[in-house]
Amino acid sequence: MLIGTSRHYYDVQIVVINKDSACEEAYAILSEAANAKRLKYSALGLVFHPLILLAGGLMKAETAKTYKALQGLLRYFRAKWLDGYIASTLT
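These remarks concern the structure in this document. This one's a predicted model, so the numbers in the text were calculated from it and none came from an experiment. (Residues numbered from 1 in each chain as written. Predicted model: local features only at pLDDT ≥ 70, side-chain atom pairs only at ≥ 80, totals over all residues. Heavy atoms only, no water.)

**Describing the environment of Arg7**
Here is step 1 of the chain: Among the structural elements, Arg7 can be located in strand β2 (residues 6-7).
Here is step 2 of the chain: According to the relative accessible area criterion, Arg7 is partly exposed, its value standing at 48%.
Here is step 3 of the chain: Between the alpha carbons of Arg7 and Phe48 there is a distance of 9.0 Å; along the sequence they are 41 residues apart. (Helix = DSSP H or I, 4+ residues; strand = E, 2+ residues; numbered from the N terminus. Buried < 20%, exposed > 50% of the residue type's maximum accessible area, 1.4 Å probe, protein only.)

In structure tokens, the structure reads:
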């Protein structure tokens, strides 16, 4: 996404807690997935923002803040489309 004169990159991932990871803390799973994304896209630096959600809809405060800022940058209908797309994917 182009914001002003700089580009920002987002990667949305929905994480499912399976039988093997059920004993782990949910926020630890979110942090692990976000760190893996940051490592994968480390060349992008500060313009990369991972958006990691659990299948139940849980997200870390950092993701919620980034998502809210992204919604503010999108026009109304695009923001509604993104909300609907993520909601339908979660269900």
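Having seen the structure, we can now continue with the description.
**Digging into the side chain of Lys37**
Here is step 1 of the chain: Along the chain, the position of Lys37 falls in helix α1 (residues 26-40).
Here is step 2 of the chain: Residue Lys37 is classed as buried on the basis of its relative accessible area of 15%.
Here is step 3 of the chain: If sequence neighbours within four positions are ignored, Lys37 has contacts with Asp11, Gln13, Phe48, Pro50 and Ile52. (Contact = heavy atoms within 4.5 Å.)

**Brief notes about the side chain of His49**
Here is step 1 of the chain: Note on placement: His49 falls in strand β4 (residues 48-54).
Here is step 2 of the chain: Overall, His49 belongs to the buried group, its relative accessible area being 19%.
Here is step 3 of the chain: At 3.0 Å, the side chain of His49 and the side chain of His8 are in polar contact.
Here is step 4 of the chain: Residue contacts for His49: discarding those within four places in its chain leaves His8, Tyr9, Tyr10, Asp11 and Thr66. (Polar contact = N/O pair within 3.5 Å; in protein donor to acceptor, adjacent residues only side chain to side chain.)

**What about the pattern of salt bridges?**
Here is step 1 of the chain: Applying the stated criterion across every chain yields a total of two salt bridges.
Here is step 2 of the chain: For Asp11, the salt bridge goes to Lys37, with nearest N and O atoms at 3.1 Å. Taken as a pair, Asp11 in strand β3 (residues 9-15) and Lys37 in helix α1 lie far apart in primary sequence, 26 residues in all. Comparing Asp11 with Lys37 shows no difference in burial state: the two are buried.
Here is step 3 of the chain: The salt bridge partner of Glu62 is Arg38, with a shortest N-O separation of 2.4 Å. Placement of the pair is Glu62 in helix α2 (residues 61-73) and Arg38 in helix α1, with a sequence separation of 24 residues.
Here is step 4 of the chain: For Arg38, a relative accessible area of 30% translates into the label partly exposed. (Salt bridge = Lys/Arg side-chain N within 4 Å of Asp/Glu carboxyl O.)

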